[in-house]
Every structure is written in structure tokens, then in C-alpha cells.
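The residues making up each chain are set out below.
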Amino acid sequence: MPETFPDLTTDSAAETPVTSGALMWATTVAVALIPVAFLLGGLAPMAAEVQPQTVSVVTAGWWASWTATPLLVTAFWVSRRYPALAAAGRWAGWVAPVPPTLTILLALGL
């Protein structure tokens, strides 16, 4: 009896209802974290003399929080309408919370 292998050319298992729901929550949380990251990232330069490397990373995350995060969230929500962009939309959905979260955690560590 020949073995049958799953068809790996289609991406049917990647977009399950659980994954879709998790990405919807992740992008919603990312948008909610933007004001907090903006505030804490704006206060980070006060520690520039003590920890200049950390402040430079916080500043980069601060910029990405209010520039890249809204674009990534928009890309995720727009890609839900177009199946051809599903992989890019999932990527954008998972990456969107990274800049504000990184900014907040590093700023709180200063």
C-alpha cells in the first residue's frame, strides 16, 4: 500500500480559526500599545548618559512603534480580503506587536 503524504503546496492548515483569532487580538493589542510606547519611548532620552546603547534601541523601537506598527496592522487587515496576500498578512500580524512591546520593556528597564 503506497504511503500518502499531505499536500504541502497549499497553505490550508496555516490559517485556522485559532490563528486568525490570535492575529486579530495581536494586532488589536499592538494598536493599544502604541500610545504607551510613544510616551515611554519619549522619556527614554533622559537616560542617555547612563545607558546610551539601550536608549538607541529604545529610540529605534519608538520610531517603529508609531510608523511601522500601524502600517503592519493595516497590511494584516487588508490582506484578509485578498487570499493571495494571506502569507504576507500573517507575517505582518505576528510582527506588528514587536516594536511597541520592545520599546515598553526596554524603557521600563531604564
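Residues numbered from 1 in each chain as written. Predicted model: local features only at pLDDT ≥ 70, side-chain atom pairs only at ≥ 80, totals over all residues. Heavy atoms only, no water.

### A look at the overall build of the protein chain
Thought 1: When its secondary structure is counted, the protein chain shows 4 helices and 0 strands.
Thought 2: Considering only contacts in the protein chain between residues 6 or more positions apart, those separated by 24 or more positions represent 78%.
Thought 3: Split by element, the accessible area of the protein chain, about 7300 Å² in all, is 73% carbon and sulfur. (Helix = DSSP H or I, 4+ residues; strand = E, 2+ residues; numbered from the N terminus. Contact = heavy atoms within 4.5 Å. Areas by Shrake-Rupley, 256 points an atom, 1.4 Å probe, with all protein chains shown as cover.)

### Quick notes on helix H2 (residues 52-79)
Thought 1: Taking 1.5 Å per residue as the helical rise, H2 with its 28 residues ought to reach 40 Å, and the 38 Å between its terminal C-alpha atoms agrees with that figure.
Thought 2: Of all bends in H2, the biggest is about 45°, found at Ser65.
Thought 3: By the burial criterion, the buried members of H2 are Val55, Val58, Gly61, Trp62, Ser65, Thr69, Leu72, Val73, Phe76 and Ser79. (Expected span 1.5 Å × (residues − 1). Bend = angle between axes of the 7 residues up to and from the residue. Buried < 20%, exposed > 50% of the residue type's maximum accessible area, 1.4 Å probe, protein only.)

### A closer look at the packing of aromatic side chains
Thought 1: Under the counting rule described, the total for this entry stands at 6 aromatic pairs.
Thought 2: Here the aromatic rings of Phe38 and Trp62 are separated by 5.3 Å at their centres, their planes lie at 25°, and the arrangement is stacked. Here the residue Phe38 occupies a position in helix H1 (residues 17-43), and Trp62 occupies one in helix H2, the gap between them amounting to 24 residues.
Thought 3: Since its relative accessible area comes to 42%, Phe38 is described here as partly exposed.
Thought 4: Ring geometry for Phe38 and Trp66: centres 6.2 Å apart, planes at 85°, overall edge-to-face. A residue pair is termed long-range when its members are at least 10 positions apart, and Phe38 in helix H1 and Trp66 in helix H2 qualify at 28 residues.
Thought 5: Judged by its relative accessible area of 33%, Trp66 is partly exposed. (Phe/Tyr/Trp six-rings, centres within 6.5 Å; stacked < 30°, edge-to-face > 60°.)

### Let's talk about the environment of Leu33
Thought 1: Counting through the fold element by element, Leu33 comes out in helix H1.
Thought 2: A relative accessible area of 23% means that Leu33 is categorised as partly exposed.
Thought 3: Sequence-distant contacts of Leu33, that is, excluding residues within four places in its chain, are made with Pro100, Thr101 and Ile104.

### Topic: the packing of H2 against helix H3 (residues 86-95)
Thought 1: At a minimum axis distance of 8 Å, the contact between H2 and H3 shows a crossing angle of 145°. H3 is crossed by H2, and the crossing has left-handed handedness. Across the interface between the two elements, Leu72, Ala75, Phe76 and Ser79 of H2 pack against Gly89, Trp91, Ala92, Gly93 and Val95 of H3. (Axes fitted to C-alpha atoms, helices over the stretch in contact; angles between N-to-C directions. Left-handed = near helix turned anticlockwise from the far one by under 90°.)

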